[in-house]
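If you want the building blocks of each chain, they are given just below.
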Amino acid sequence: MIQKTIASPISIEGIGAHSGRKSRVNILPAPEDQGIIFVRTDVGEDNSISSDFANVSETTLCTRLSNKSGVSVSMVEHVSAALYGFQISNATIEVDGEEIPILDGSSAVFVKEITSVGIVAQSKKRKCLRILKNVKIGDEGRWSSLSPADRLVLNLSCDFSKKGLKTTPFSYDFSKGNFETEIAPARTFGFFDDVEYLRKNKLALGSSLENTVVFDAKGNAMNDDGLRFDNEPIRHKMLDIIGDLSLSGHMIIGQYDGVCSGHTLNNMLLHALFSSPQSYTIE
Ligand SMILES: [Zn+2]
């Protein structure tokens, strides 16, 4: 596998789901071996944060990365998933605020812009992270694991039955599937009975039906335009997992299994994997 970057810069503006504040994101081509780096252009010094699981400082509602000076960027998972989905290994993501804009709640806008500028193959080989032994984290009701496989395959099941939503397990084979059409358009979702709590705690200030699928107590989508997929929520969970796993810094060769897993478990899983040297090799 060859390293890749984007052919020319991309610029996108939007509001943050949690802060409600506007920010602009510029995704820039980057040299070989750089990896994915976030840069806070509104901060003067020590403003870069590498897209690395070890830099994850918060996993409630979204994934936040922070550097040693405490400079942070939130909501990194949807742009990270878009880059990983296209197997882009080098890019600089500038943002002039603390949060990557939510846009339509999915990775679709990032995917559209990346597709329009194009992807460039660089000359060096991209390193792969091969899983050698099973690593599992969590408990009976909520867990995630990585195990050996010949390619990246992700299996997920979620239970939203208490919220009136029926979900069936969903799998995505990274080498056979189409990230652009099957995963990227799936939007962030929430439940109407959680809205009051979020508002009271000054969370999700920028969330609206423009960027979030909201389900009522009967499990019906309240958005005028309905759902993009019958199983849009679990597809969005898959998108988040891809974004979270991208923080491993490498293309993973292995199988991911998750039951009700989210950002917190995914980050704990990468910590568990990398603290167990016999469980993986980088080749
Ligand atoms: Zn998400």
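Conventions adopted
Residues numbered from 1 in each chain as written. Predicted model: local features only at pLDDT ≥ 70, side-chain atom pairs only at ≥ 80, totals over all residues. Heavy atoms only, no water. Helix = DSSP H or I, 4+ residues; strand = E, 2+ residues; numbered from the N terminus. Rg over C-alpha atoms; globule rule 2.2 N^0.38 Å. Buried < 20%, exposed > 50% of the residue type's maximum accessible area, 1.4 Å probe, protein only. Contact = heavy atoms within 4.5 Å. Areas by Shrake-Rupley, 256 points an atom, 1.4 Å probe, with all protein chains shown as cover. Lys, Arg positive; Asp, Glu negative; His and termini not counted. Charge placed at Lys NZ, Arg CZ, Asp CG, Glu CD. Arc of directions from axis to C-beta. Patch = residues over 30% accessible without salt bridge, like charges linked within 9 Å, V, L, I, M, F, W, Y side chains within 5 Å. Salt bridge = Lys/Arg side-chain N within 4 Å of Asp/Glu carboxyl O. Phe/Tyr/Trp six-rings, centres within 6.5 Å; stacked < 30°, edge-to-face > 60°. Axes fitted to C-alpha atoms, helices over the stretch in contact; angles between N-to-C directions. Parallel < 35°, antiparallel > 145°, perpendicular 65-115°, else oblique. Nonpolar A, V, L, I, M, F, W, Y, C, P; charged D, E, K, R; others polar. Domains from an automatic or database assignment. Buried area = accessible area lost by both parts, 1.4 Å probe. Polar contact = N/O pair within 3.5 Å; in protein donor to acceptor, adjacent residues only side chain to side chain. Core = buried A, V, L, I, M, F, W, Y, C linked by side-chain atoms within 4.5 Å. Donors = N, O, S within 2.8 Å, 3.2 Å for Na, K, Ca; no water. Tetrahedral: all angles 85-135°; square planar, octahedral: opposite > 155°, others 65-115°. Expected span 1.5 Å × (residues − 1).

S.K.: How would you summarise the overall build of the chain if you had to cite specific residues and measurements?
M.R.: Each helix and strand in the chain was counted, giving 6 helices and 20 strands. Whereas a compact globule of 283 residues would reach a radius of gyration of roughly 19 Å, the chain reaches 18 Å, a difference of no more than 12%. Looking at the chain as a whole, 54% of its 283 residues qualify as buried. Put simply, of all contacts in the chain between residues at least 6 apart along the chain, 72% involve residues at least 24 apart. Element-wise, carbon and sulfur atoms account for 50% of the exposed surface of the chain, whose accessible area totals about 12,800 Å². Across the chain, the mean location of the 29 positive side-chain charges is 3 Å away from that of the 35 negative side-chain charges.

S.K.: Account for helix 2 (residues 108–117), with residues named and values stated.
M.R.: Buried within helix 2 are the following residues: Phe110, Val111 and Ile114. Along the long axis of helix 2, the arc covered by the buried residues comes to 100°, so they all point the same way. In helix 2, the exposed positions angled more than 90 degrees off the buried face are occupied by Lys112 and Ser116. Of the surrounding elements, those touching the buried residues of helix 2 are strand 1 (2–6), strand 2 (10–15), strand 3 (22–29), helix 1 (77–85), strand 10 (119–125) and helix 3 (179–183). Glycine 118, located one to two residues past helix 2, shows a positive phi value of around 95°.

S.K.: Could you give an account of a nonpolar patch on the surface, with specific residues and numbers?
M.R.: A surface patch of nonpolar side chains, about 280 Å² in accessible area, is lined by Phe192, Leu209 and Met222. By the secondary structure assignment, phenylalanine 192 is in the loop between strand 16 (189–191) and helix 4 (195–200). The class of phenylalanine 192 is partly exposed, set by a relative accessible area of 48%.

S.K.: Please set out the packing of aromatic side chains residue by residue, giving values where relevant.
M.R.: For any pair of aromatic rings, geometry is given as the distance between the ring centres together with the angle between the planes. Tallying each qualifying case throughout the model produces 8 aromatic pairs. Seen from their ring centres, phenylalanine 53 and phenylalanine 274 are 4.8 Å apart, and the 15° between their planes marks the pair as stacked. Pair noted here: phenylalanine 53 is in the loop between strand 5 (48–50) and strand 6 (56–58) and phenylalanine 274 is in helix 6 (residues 263–274), with a separation of 221 residues, a long-range link. Residue phenylalanine 53 is classed as buried on the basis of its relative accessible area of 11%.

S.K.: Please set out the packing of helix 1 against helix 5 (residues 232–245) residue by residue, giving values where relevant.
M.R.: Packed helices, taken two at a time, are described by the angle their axes make and the gap between the axes. Where helix 1 contacts helix 5, the axes come no closer than 7 Å and their chain directions differ by 80°. Accordingly, the angle class assigned to the pair helix 1 and helix 5 is roughly perpendicular. Contact residues: Glu77, His78, Ser80, Ala81 and Tyr84 in helix 1; His236, Leu239, Asp240, Ile242, Gly243, Asp244 and Leu245 in helix 5. Of the residues in the contact of helix 1 with helix 5, the class split is 5 nonpolar, 4 polar and 3 charged.

S.K.: I'd like a description of the domain arrangement of the chain, backed by residues and values.
M.R.: Each domain of the chain was delimited in the assignment, giving domain 1 (2–125) and domain 2 (128–282). Of note, the centres of domain 1 and domain 2, computed from C-alpha atoms alone, are 19 Å apart. Listed by partner, the interface residues are 34 residues for domain 1 and 38 residues for domain 2. Carbon and sulfur atoms make up 63% of the area that domain 1 and domain 2 hide from each other, which totals about 2,700 Å². Run the count over domain 1 and domain 2 and you get 1 salt bridge. For aspartate 104, the salt bridge identified is with arginine 228, shortest N-O distance 3.0 Å. The interface formed by domain 1 and domain 2 holds 16 residue pairs in polar contact (both at pLDDT 80 or more) in total. Secondary structure elements with two or more residues in the side of domain 1 that touches domain 2: helix 1 and helix 2.

S.K.: So what's going on with the nonpolar core? Which residues, and what values?
M.R.: As a rule of thumb, soluble globular proteins bury nonpolar side chains together. Ile27, Phe38, Ile93, Ile100, Leu154, Tyr172 and Ile242 are the most contacted members of the largest nonpolar core, which totals 73 residues. Apart from residues no more than four positions distant in its own chain, isoleucine 242 is found in contact with Ala81, Tyr84, Leu154, Tyr172, Phe174, Phe179 and Ile183.

S.K.: Residues and numbers for the coordination of the zinc ion, please.
M.R.: Bound to the zinc ion are the protein donor atoms His78 (NE2), His236 (NE2), Asp240 (OD) and Asp240 (OD), situated 2.1 to 2.6 Å from the metal. Around the zinc ion sit 4 donor atoms; with metal-centred angles ranging over 53 to 150°, the donor geometry is irregular. For the zinc ion, the donor residues sit on a single chain with the sequence spacing H-x157-H-x3-D. In this pair, histidine 236 and aspartate 240 both sit in helix 5, 4 residues apart, roughly one turn of the helix. Across the pair, aspartate 240 and histidine 236 agree in class, each one buried.

S.K.: How would you explain helix 6 if you had to name every residue and give the values?
M.R.: If you check helix 6, its first and last C-alpha atoms are 17 Å apart, about what 12 residues at 1.5 Å a residue would give, namely 16 Å. Taking burial as the measure, the 12 residues of helix 6 include 9 buried ones, the bulk of the element. Within helix 6, the full set of buried residues consists of His263, Leu265, Asn266, Asn267, Leu269, Leu270, Ala272, Leu273 and Phe274.

S.K.: Any details on the environment of serine 51? Residues and values, ideally.
M.R.: You can see serine 51 is positioned in the loop between strand 5 and strand 6. Accessibility expressed as a relative area gives 11% for serine 51, which makes it buried. In sequence terms serine 51 and serine 80 are 29 residues apart; their C-alpha atoms lie 8.4 Å from each other. The residues touching serine 51, leaving out its near neighbours within four places in the chain, are Ile36, Phe38, Leu65 and Leu247.

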